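# Results of the structural survey
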Amino acid sequence: MEKALITLRINEREVSVPGGSTILDAAGKAGVFIPTLCHDKRVAPYGACRLCVVEDRRKPGALTPSCFTPARDGMDIVTDSERVLEAVRTQLRLILADHPPDCPVCDKAGECTLQDLVNRYGVSGVPLPATRTPGAADRAAPLIERDMSRCVLCGLCVRICGELQGRGELDFVHRGHRVQVGTDGGRPLDCDFCGLCVSACPVGALNDRLYGNRTRVWKLEKRQAFCTHCGLICPAEFHLEKGRIRRVVPEKGDDGVKGLLCVRGSFGWRAFENAARPARPRVRRGKTQVEVSWNEAVKYAAGKLRNFLAARGGGSLALLTADHLTTEEALSCRSLFLDRIHSGVGSLRAGGYRRILSVLDGENGGSFPGGEDRRDPWEADILLVLGGGAVEHHPVLKPLVNRFLKSPWKELAVVSSWPDDLSGRADLSLVVPPERFDEFLAGLRKALSGERNGPPPDTGPLFVDTERLARLIGLLESGRNMTVLVVPDLFGDGGERARMAAFLKDRARAVLPLGGGLNSRGAVLDAGLVPAGPAADGAALLEAMEDGRIRGLWLLGEDPLESLPGGDRVRAALEKLELLVCQGPYETAAAALAHAVLPSALPLEKSGTVRSLTGVERTLHPLLSPFGEARPDLEILEDLRAALGEAAGENAPEFPEWNTDPGAVVPGPPDRPSSVPAEESPKDLPGGEGFPCTLVPVPSIFGDGPLSLRSPDLLELRRGLRVLMNVDDLEDNRFGEREPVSVRTPFGSAPAEAGRAPGVEKGTALLAHVTGDPAGLSLIRPGTAAVQAVIERRRP
Amino acid sequence: MIPSVNRIAFCTSRTCKFRRDVDVRALLAGALETLGVRDRIDLVETECLISCYQGPSIMFLPGGQVHQVLSEEGLADTLKSFLASGGHPLAPPPAESRRDREIPGIENVDFFAKQKLVVLRNRGHIDGESIEEYIVHDGYLALYKALTAMTPEEVIAEMKRSGLRGRGGAGFPTGRKWEETRKYNRFPKYVICNGDEGDPGAFMDRSIMESDPHAVLEGMILCGYAVGASRGCIYVRAEYPLALRMLGTAIATAREKGFLGRNVLGTGFDFDVDIYPGAGAFVCGESTALMFSIEGKRGMPRIKPPRSTESGLWGQPTCLNNVETFANVPRIILEGGEWFRSIGTEDSSGTKVFSLTGAVKNVGLVEVPMGTDLRTIIFDIGGGIRGNARFKAVQLGGPSGGCLTEKHLHLPVTFDSLQDAGAMMGSGGIVVMDDTNCMVDVARFFTQFCVDESCGKCVPCRTGLNVMLDLLEKIIEGRGEPSDLEDLEKMAEHVADTSHCGLGQAAPNPVLSTLRHFRDEYEAHIREKRCPALVCTDLLRFEVDGDACRRCGLCARVCPADAVAWIKGEIAVIDRDRCIRCKSCIRACRFRAIR
């Protein structure tokens, strides 16, 4: 709907803006500067600082705040009259009276809006008797420092946290001149740590602790790049000093509007500084690994691979990628592994995403909308989320969904297997037990495809509140503009929800699978690195490794010991492998077992193309120099191809001496009897004192990807394995908040910390922060969405 | 003996209780019992018989004679002779009689005669807790008339014809607000009654809610009908427990009788009302802050647009009016807008209730036609200045209002008439000050109030007021410099110009108006380090002026610290080492000889 243009004059300049614009917008368009302190386009105008006052010639004498006053036809605005300037100066003097003059020790100095304005408007000397003295900064919380003596009460942090992030961790306390920004009862911050409040603070009241006291802003080199923690690839501004990252802040658009980041983007960057990385390639010599030159390492790996293929065939090999590959690298992988070697292809971290994407793509006849057909998913009226953990997988969705819901007539419906963050704020939320989730979706699909006037289809039990179900069906059949987000379980199979999404495709403007890592979408859709063979699915892979169908693993950034549930079974299976190559940026647990370790570059150390989960193509440029001798995966793969004796050209001959028939698996010598039975049936849990419950592994807001798991700060926020339950369960079992407990399942046991989560059914517990935790992974098996468990108090 | 009187109303308000803490009901019941007429006379608990200065008061009905209860015996005597006379006023009692003092009939007393009761018409005549009594006094007749014989548009037209303007202070035309709310086709809509009366010294709304809660309710229902709302909220400060009780009873009985709830009076119109007690923040009287408060959020004014009529409570169209505004509505519907317009002035029709407090003789609620001049209110109705002091200033409109002087007393009180002089009618608080009030101190008092009550959102109100307060305190403590006045004035103008809501915009009024009309007093504080009204302790020297002293020794008698040496027939001498500067002597001295 085009709104009529409004024409007004600002400082003698005529400007036209669309209806609904404010005077401040119009001034921006006219190129006229108006000072503001409490204004941020990410949240609604507020009108607290009163610095943006202007004069309308038609109403002499009155000062109008421009940040929220709508522009009207024929206004004659003056922003530089003596009266306006004096008002701005007085306002600045007043703000300074309540602000300590501690700029020399303030991290914000040099990029402080207040400082800039004071300078610009020539407020000098001590204009009014100061009432505030520098206070002690509150460093009780990690990552964010609060110095409320510097706060100018613009309310941006409060509004960002409440209105945008939907968290409401910060709010005003007290009244009148004593008003302050604080938390409940003054406790330390305990929030999502998205860092948006820090990015919004115009002064030095909220500070990034990772940045604080380490450098000065004018020494920084500001580079536009992207956050690579998850598949949304948010634009971010990296501030570097002498080639090292000092902080990461949301990107500021051309229009001056700041973007969004989540905790991983804002505070996860120290993963790039993590020194637990292989500096040089290593190969196995006997029982030990020795560092060798790249030449030697590639030759060794190629030789190993050639021998393996000759003996076992391509079908016995599986390539696991963690989706840190650029599209160019994925293409290289595909042409080598999928097209030539015919190996299996899979991913542990992004496995669920890839399965959903390939089902959708398959049901679409291989034409799942790529980058060229990109409709803005937020333009829909209804946001339907299938599966739990959308914002846990991608925390930046939280402000995006909140922004979506702020427009009138928007609705959010969530069908989830556990009470995740979004189901708490949904207009309609259905929580289906995890073990019934697929059954429910299949029934729902049946119900929806039934004849409108025919007899109701026999859908079987649907396990949910019928009234809500009726509302859901009504919503799906309303014909309203809808975007569907499909979220895989952390370790479960997402096939059924993908079929549901494919079924809804015609009714939806956009269907977006979530849960993928960097370039998961590009790897599958652009590079065609589709899941293949038993490696496509964690459970099948583990079985195939155990029964000898898979005897070789090429790991590209993946570590089964970090993200494949199964505990000792996984280790035993890895130990049995005849070929194990770890090619990746980080030192992994599996690398100790590897025949060759090939250090590769992190996404910020290489260039290439990636595609976000929403279909936006991004170009990566090297921001950091590679660690040690690490090289981009593309170079390693090309060297490998050369060493294998294959020409890089399209018409390269098949490898004659290899058995590349995907069906042929050359049997090896009979398997040694494994220490863990291949067929493991869950035993009945021994009874006892503990709390018996259904344990649902869930994604962590602090990231489950390889990069996030290497960030010391995100790890600190995770605080290890946690079991989150209903507050009644917590009290009935007399578990204290954060009390150490031990969790037992038929598969294993692990120490954890008890906690509270809103909305969890009685008798259910969420298992959070399980990836990267070997003990936690031993509790579950791949493919299981839930498992029976007993939680007991841990005895010291 | 058959008394012609059939009911006696007695006031239970705090003001009467403060004057004399007696159980009037028990006294009356006992006295009537003794006379054997207990069963013939109803005792009606009521709120404010508007002669607070004479309390505790009782009123004989019908007739309306008001008496002051002094003692038990006096009361018995009064009743006996009053009843014996057939309920007619007796000849003045003999001087030696201990009979209670009779107050002349309403028509003979300026305090009553010069008032015109529209809003307070039922005050004292009915029991606010009895819906039947309200109905007998034409209660809910207006509602019946509107629901059965008028369309919502006609109700709005009638309101517009009446020229009624919002009594909360801003004076927005009520009819226009209703029309505005009706315009939006989004439901549900809300009607809110603002009973968050926070001005120091104002109690108009409390008295209305306590004495005639049904009138407020009826006004709200009519508003709901006119704007198309089905829900109403009454926001009352929790410091008004009696008002909360009375309204609660009124709502419950009105529901019982079918004036509230589904299908009001069988006409198919649904309307119900809930009470929301406020936690006592002054800023919650601001309409948008009030709505946030009802929503359970922090009470802070929000930016406009959108106006509340478009997007108010819970983002829905909302019509918010003041208690007194709603109380006017039933009479307007019943008697017609023309009738209402015939009262008051062209731009400000109807009457206005004021709470008259301060240094006047007759403190109490006053309802006068709009346009009545200040002199009539203060000197005729208020009875002039108490004691032997002289009139100095009158403060109107609470902490947002200004102070006016003797030379403004001819001004009629309407919404617009006082603006030029630097004051405003506001919600109707009138505080009269005599020459024992220091205007600098008065300015400081109101500024302190606003500093405490500011929500703290916008810079000028939060910090600017605090800077003003610092300057005032500096002057009061004797550290003032000549430049301070200019600074103060500039800052006050800045705060008024750039603050967000009414609180901040009007908060500098007390300072600006006193600076304008009483600048000499500020000058005396700064240049001569002297407080002419002998209020600012730091500027007092505690010396006896030999010329003024009449050697009475009263100062020596009241001094709690034994600091005054006085020998009969001599001028008193104050030992300033022992003096604790409590000002007892200054207050006691009738000759203003101590400075």
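Residues numbered from 1 in each chain as written. Chains lettered and ligands numbered in written order. Predicted model: local features only at pLDDT ≥ 70, side-chain atom pairs only at ≥ 80, totals over all residues. Heavy atoms only, no water.

### Considering the pattern of salt bridges
What counts is decided by this rule: The salt bridge criterion pairs a side-chain nitrogen of Lys or Arg with a carboxyl oxygen of Asp or Glu, the two atoms within 4 Å. Working definition: helices are DSSP H or I runs of at least four residues, strands are E runs of at least two. Numbering for both runs from the N terminus. Only protein chains enter the calculation, and the probe is 1.4 Å; a residue is then buried if its accessible area is under 20% of its type maximum, exposed if over 50%, and partly exposed in between.
By the definition in use, this model includes 94 salt bridges over all chains. Residue Arg83 of chain A is joined to Asp497 of chain B by a salt bridge in which the shortest nitrogen-to-oxygen separation is 3.2 Å. Within this pair, whereas Arg83 of chain A is found in helix α2 (residues 82-97), its partner Asp497 of chain B is found in helix α18 (residues 482-498), the two belonging to separate chains. For Arg167 of chain A, the salt bridge identified is with Glu169 of chain A, shortest N-O distance 3.9 Å. In this structure Arg167 of chain A comes out as partly exposed when scored by relative accessible area, which is 36%.

### What to know about the side chain of Ser429 of chain A
All names here are of chain A. To be explicit about the condition: Contacts: residue pairs with any heavy atoms within 4.5 Å of one another.
Structurally, the position occupied by Ser429 is in strand β19 (residues 428-431). Take Ser429: its relative accessible area is 12%, and that puts it in the buried class. Contact partners of Ser429, with chain neighbours within four places excluded, come to Val414, Ser423 and Arg468.

### What about the interface of chain A and chain B?
Selection rule: Once two parts are brought into contact, the accessible area they lose, counted with a 1.4 Å probe and summed over both, makes up the buried area.
Contacts between the two partners involve 30 residues from chain A, matched on the other side by 30 residues from chain B. Surface buried jointly by chain A and chain B totals about 2,400 Å² across both partners, of which 60% is contributed by carbon and sulfur atoms. For the pair chain A and chain B, the number of links is 2 salt bridges. Ionic pairing is found between Glu453 of chain B and Arg175 of chain A, a salt bridge with its closest N-O pair at 2.4 Å.

### Side note on the domain arrangement of chain A
Residues and elements named next belong to chain A. Rule in force here: Throughout, the edges of the domains are those of an automatic or database domain assignment.
Per the domain assignment, the segments making up chain A are domain 1 (5-80), domain 2 (129-273), domain 3 (282-349 + 522-648), domain 4 (353-515) and domain 5 (691-793). Computed from C-alpha atoms alone, the centre-to-centre distance between domain 1 and domain 2 is 28 Å. Contacts between domain 1 and domain 2 engage 11 residues on the former and 19 residues on the latter. Regarding the contact of domain 1 and domain 2, the summed buried area is about 1,100 Å², with carbon and sulfur atoms giving 64% of it.

### Side note on the packing of helix α16 (residues 439-453) of chain B against helix α20 (residues 509-517) of chain B
Residues and elements named next belong to chain B. For clarity, the threshold we go by: Geometry is summarised by axes, namely lines fitted to C-alpha atoms with helices restricted to the contacting stretch, and by angles between N-to-C directions that run from 0 to 180 degrees. An angle below 35 degrees is read as roughly parallel, one above 145 as roughly antiparallel, one from 65 to 115 as roughly perpendicular, and any other as oblique. The hand of a helix crossing depends on one turn: near helix anticlockwise from the far one by less than a right angle means left-handed, and clockwise means right-handed. For this classification, Asp, Glu, Lys and Arg are treated as charged, while Ala, Val, Leu, Ile, Met, Phe, Trp, Tyr, Cys and Pro are nonpolar and the rest, including Gly, are polar.
With their axes 8 Å apart at the nearest point, α16 and α20 run at an angle of 165 degrees to one another. The pairing of α16 with α20 is recorded here as roughly antiparallel in orientation. Crossing handedness for the pair α16 and α20: left-handed. Together, Met439, Ala443, Phe446 and Thr447 of α16 and Pro510, Val511 and Thr514 of α20 make up the contact between the two elements. Residues that form the contact of α16 with α20 fall into these classes: 5 nonpolar, 2 polar and no charged.

### Brief notes about a nonpolar patch on the surface
Selection criterion: Only residues whose relative accessible area exceeds 30% and that take part in no salt bridge are eligible for patches, with like-charged residues grouped when within 9 Å of each other and nonpolar side chains (Val, Leu, Ile, Met, Phe, Trp, Tyr) grouped when within 5 Å. Exposure was quantified through the Shrake-Rupley algorithm and a 1.4 Å probe, taking into account, for residues, occlusion by the shown protein chains and nothing else.
A cluster of nonpolar side chains, contributed by Leu141, Tyr144 and Leu265 of chain B, occupies part of the molecular surface with about 270 Å² of accessible area. Structurally, the position occupied by Leu141 of chain B is in helix α6 (residues 141-149).

### Details of the packing of aromatic side chains
Under the convention used in this document: Only Phe, Tyr and Trp rings take part, Trp by its six-membered ring, and two of them pair if their centres are within 6.5 Å. Stacked means planes under 30 degrees apart, edge-to-face means over 60, and tilted covers everything else.
Applying the stated criterion to the full structure yields 10 aromatic pairs over all chains. Look at Trp378 of chain A and Phe404 of chain A: their rings are 6.0 Å apart centre to centre, the planes differ by 55 degrees, and that puts the pair in the tilted class. Within this pair, whereas Trp378 of chain A is found in the loop between α9 (351-363) and β17 (382-386), its partner Phe404 of chain A is found in helix α11 (residues 397-406), the two being separated by 26 residues in sequence. With relative accessibility at 23%, the residue Trp378 of chain A sits in the partly exposed group. Taking the relative accessible area as the measure of exposure, Phe404 of chain A reaches 4% and is therefore buried. Ring centres of Phe269 of chain B and Phe271 of chain B lie 6.0 Å apart, and the angle between their planes is 20 degrees; on these two criteria the pair is classed as stacked. As far as the burial class goes, Phe269 of chain B and Phe271 of chain B line up, both buried. Among the aromatic residues, ring-to-ring pairing joins Tyr134, Tyr140 and Phe259 of chain B into one connected group.

### Here we look at helix α12 (residues 287-294) of chain B
All names here are of chain B. The element α12 is largely enclosed, with a buried count of 6 among its 8 residues. Burial in α12 covers these residues: Ser287, Thr288, Ala289, Leu290, Met291 and Ile294. Here the buried face of α12 lies against β5 (190-195), β6 (231-237), β8 (269-278) and β9 (318-322). Following α12 by one or two positions, Gly296 adopts a phi angle in the positive range, close to 90 degrees.

### Regarding the confidence of the model for chain A
Residue and element names in this part refer to chain A. Which entries qualify depends on this criterion: pLDDT is a per-residue confidence score from the predictor, ranging from 0 to 100.
Across chain A, pLDDT averages 87, with 90% of residues at or above 70. The least confident element of chain A is α9, whose mean pLDDT is 82; the most confident is strand β24 (residues 596-599), at 96. Below pLDDT 50 for its whole length, residues 647-654 participates in 10 contacts with residues either more than four positions away or in separate chains. Scored below 50 in pLDDT, residues 662-679 shows 28 contacts in the model against residues more than four places distant or in partner chains.

### With respect to the pairing of strand β22 (residues 552-556) of chain A
The side chains of a regular strand alternate, first on one face of the sheet and then on the other. Of all 5 residues in β22 of chain A, 5 are buried; the element is thus mostly enclosed. Here β22 of chain A shows no split at all, with Gly552, Trp554 and Leu556 of chain A on one side and Leu553 and Leu555 of chain A on the other all buried.

### Regarding the environment of Gly344 of chain A
All names here are of chain A. Structurally, the position occupied by Gly344 is in strand β16 (residues 344-346). Separated by 335 residues in the primary sequence, Gly344 and Arg9 have C-alpha atoms spaced 67 Å apart. The contact partners of Gly344, leaving out residues within four places of it in the chain, are Gly314, Leu317, Ala318, Leu319, Ala532 and Ala535.

### Quick look at the packing of α16 of chain B against helix α21 (residues 519-527) of chain B
Any two packed helices are characterised by the angle at which their axes cross and by the distance between the axes. All names here are of chain B. One can describe the packing of α16 onto α21 by two numbers: an axis separation of 8 Å at closest approach and a directional angle of 95 degrees. Taken as axis vectors, α16 and α21 run roughly perpendicular relative to one another. Counting all contacts with α16, which are made through Met439, Val440 and Ala443, the residues of α21 involved are Glu521, Tyr522 and His525. Residues that form the contact of α16 with α21 fall into these classes: 4 nonpolar, 1 polar and 1 charged.

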